[in-house]
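Secondary and tertiary structure notes
The residues making up each chain are set out below.
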2 protein chains.
Amino acid sequence: MNVTIKDVAKLANVAPSTVSRVIANSSKISEKTKERVRAAMQELGYHPNFNARSLANNTTKTLGIVMPNSAKVAFQNPFFPEVIRGITAKAHQENYGLYLSTGQTEEEILDEVMEMVYGHRVDGIILLYSRIGDKVMPFLLEKEFPFVLIGRPYDIDESLVTYVNNDNYKATKTVTEYLLLLGHEKIGFIGGSLDFVLTLDHLQGYKDALEKANITVRDEFIVHQSEVKEGGQDAIIELMSLNQRPTALVVTDDIMSFGVLRMLDEMGVKVPEDLSLVSFNNVMISEFSSPPMTTVDIHIYDLGFRATELLISDVLHPEQAKRKEIISHKLIKRQTCSKVKKG
Amino acid sequence: MNVTIKDVAKLANVAPSTVSRVIANSSKISEKTKERVRAAMQELGYHPNFNARSLANNTTKTLGIVMPNSAKVAFQNPFFPEVIRGITAKAHQENYGLYLSTGQTEEEILDEVMEMVYGHRVDGIILLYSRIGDKVMPFLLEKEFPFVLIGRPYDIDESLVTYVNNDNYKATKTVTEYLLLLGHEKIGFIGGSLDFVLTLDHLQGYKDALEKANITVRDEFIVHQSEVKEGGQDAIIELMSLNQRPTALVVTDDIMSFGVLRMLDEMGVKVPEDLSLVSFNNVMISEFSSPPMTTVDIHIYDLGFRATELLISDVLHPEQAKRKEIISHKLIKRQTCSKVKKG
DNA sequence: CTGAAAGCGCTTACAG
DNA sequence: CTGAAAGCGCTTACAG
């Protein structure tokens, strides 16, 4: 019922193998034959069967995207759509398809990745996160399956994995120093779950900036929230209940900042007059908060785009050395920061 | 190099066909044999090759997701992640994989869909939008390829397609009537591009509510914006420059509302004192706007979940009648609406 | 430059 | 309940 390579071959009066070569645009086939075959394909409305091709040459032309287990939460954060947008752009350019992970728990995700690999569903995998104790990467490493990490490897020799990341340590350090320059000394930190390597980097940058300025790091100023949504709110209540309130806040995610700003508004705390805030990601809507937030643009789209580029290159040349790439970041100053109030 | 069905067969001392039947868990195989075969699979670390299976039985166990061409814009709107989340949940439950469209233009998307269909990449397709003049649906219809639409068909006999939708007409009508009840008579409308069927429904609901209340529909109160992001801003400037400003606004998208609220704040227009606003979608962060927005929850997740359920059912039973399903909506009252000011 | 043949790893009537 | 055989639609050495 379906038009196959054989039908085309018959009509064009050539062997199936020749048709196959025309599809691959092999240089060994004469222009004349190519034209004849192409005409036959046109006439019959031929389209190659991907599964057959994949089976024959062990290649799928599709890339797997693996999201953190908290898909529920994750996808509510514009980070993921945006990084996927970058991935999509490059993948489309290079004629790769995209296969999405659907697992909700760490275990399910590992199962899926195993299926992607063993089942030959994809040629390579993009990991959208780096989590401590993660088992996906060790598995991929062991199978020598091409993958690229968005984030940085942890507990694993860096030379073994291709990854693209921001300098999150430096970004957080800079941002904290910026707050210090504005005269703030009581600076709070609201970050994500300590399960993520990202959070470690954020935290270290924050601490080092303070220490460099000879300011003691206070544990009660540091709050971690895995649940981005309500997290922002709980965190701010905690901080604002302290005897010594911070006068500035480093919040590591724009969506969290939305929650924080809302909460502060309700509590009657004026931003930036009473409290300054610096955020991270520069997600589209972050300029629509009130007041519009000062935030670090980490070029999410580029993370996805470059990761895909590197992955495809690794897929095509598995023998080449792993590479790392740092995507630049940029502080976008809007209206949530001001000099500390005297007194 | 790879462990295949043959290796397992050899070790278990059965024929490859038997192994295949064990994988399919055929009831014709004795428990004893099953156990022996499973043990062999375990021992060898066997995993089925999906491409081979797909080729042999012409089934992929994967579903295609097709996003609107404006992927650039689209994905910035939390609607898509959220609907995909619903899709993901059901797909995972039923052991289906997900394949994502990557095209950026209408033409590219059609090409991709054709490739999905002709290339046997997916068993069925979920269309995340309904656009006027769209060519994807007619193609799918012609090929009799299983698909489900999120939205409603336009210019196509409804009995021909399975779809899941909200009653957007009624929702907008109700919301407008709510504003009327609060005493507003000058009610503006900020909607999406007229290319989308969704916008037609929104607009009709808005108009009918006004007409029913004997209020003339004013063209200058109606603004369409395709670009959600800046759109919100341009639109509000236009409206607020009128001699007769509206006292209330129906905005058909939360993200747009964020832009609108920001703009109003800058212009010194107080919400809800000077202007009321009702929005649509109840996206996660919509409760974090200031003030928190009153919006219609359209149960995006459910749209995706049910669509997937229906699609899988259509894939499995192509002969059955097409179905339609309306997902409920609910007005979430927060703080952007109040009675009209006297005078 | 082109063809005949084997093979990729499964599934599924058909027999028994 | 199990096996032998054909087939799914491609690709790719190997010959010529």
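Our structure is the block above this text.
In this report, the structure presented in the accompanying data block is examined. From a predicted model like this one, the values you see are computed outputs, not experimental measurements.

1. Some points on the sheet that holds strand E4 (residues 147-150) of chain A
Spatially, the 12 strands line up as an open sheet ordered E11(A)-E5(A)-E4(A)-E3(A)-E1(A)-E2(A)-E2(B)-E1(B)-E3(B)-E4(B)-E5(B)-E11(B), and their pairing is mixed. Strands with a single pairing partner mark the edges of an open sheet, and in this sheet they are strand E11 (324-327) of chain A together with strand E11 (324-327) of chain B. On average, each strand axis in the sheet is inclined to that of its neighbour by 20°, with strand direction left out of account. Note: strand E1 (residues 62-66) of chain A against strand E2 (residues 97-100) of chain A, four bridges, orientation parallel. For A:Thr62, the partnering residue across the bridge sits in E2(A) and is A:Gly97. Each of E1, E2 and strand E3 (124-127) of chain A is contacted by helix H7 (residues 106-118) of chain A, which is oriented at about 170° to E1(A), the strand it contacts most. Of the strands in this sheet, E2 of chain A together with strand E1 (62-66), strand E2 (97-100), strand E3 (124-127) and strand E4 (147-150) of chain B touch helix H6 (residues 79-93) of chain B, which is tilted by about 145° from E2(B).

2. Focus: the protein's contact with DNA strand D
Close contacts around DNA strand D come from 25 residues, with A:Ser20, A:Arg21, B:Thr18, B:Arg21 and B:Thr33 the closest. When atoms of DNA strand D within 4 Å of the protein are split into backbone and base, the sugar-phosphate part holds 64%. Take B:Thr18: an N or O atom from its side chain is 2.5 Å from a phosphate oxygen of DNA strand D. Secondary structure elements with two or more residues in the surface near DNA strand D: helix H2 (16-23) and helix H4 (50-57) of chain A together with helix H2 (16-23) and helix H4 (50-57) of chain B. Among the elements that make up the surface near DNA strand D, the one with the highest residue count is H4(A) (four residues). Class assignment of the residues belonging to the surface near DNA strand D gives a composition of 10 nonpolar, 11 polar and four charged.

3. Looking at the protein's contact with DNA strand C
Taken together, 27 residues form the shell around DNA strand C, and within it A:Thr18, A:Arg21, A:Thr33, B:Ser20 and B:Arg21 come nearest. The sugar-phosphate portion of DNA strand C accounts for 65% of its atoms within 4 Å of the protein, the bases making up the rest. At a separation of 2.9 Å, a phosphate oxygen of DNA strand C approaches a polar backbone atom of A:Ala15. B:Ile5 has a polar backbone atom sitting 2.9 Å from a phosphate oxygen of DNA strand C. Counting only elements with at least two residues in the surface near DNA strand C, the list comes to H2 and H4 of chain A together with H2 and H4 of chain B. Counting residues per element, the surface near DNA strand C draws most heavily on H4(B), which supplies five residues. Residues of the surface near DNA strand C, tallied by class, amount to 11 nonpolar, 12 polar and four charged.

The rules behind the values
- Residues numbered from 1 in each chain as written.
- Chains lettered and ligands numbered in written order.
- Predicted model: local features only at pLDDT ≥ 70, side-chain atom pairs only at ≥ 80, totals over all residues.
- Heavy atoms only, no water.
- Pairing = 2+ DSSP bridges.
- Helix = DSSP H or I, 4+ residues; strand = E, 2+ residues; numbered from the N terminus.
- Axes fitted to C-alpha atoms, helices over the stretch in contact; angles between N-to-C directions.
- Contact = heavy atoms within 4.5 Å.
- Near = heavy atom within 4 Å.
- Polar contact = N/O pair within 3.5 Å; in protein donor to acceptor, adjacent residues only side chain to side chain.
- Nonpolar A, V, L, I, M, F, W, Y, C, P; charged D, E, K, R; others polar.

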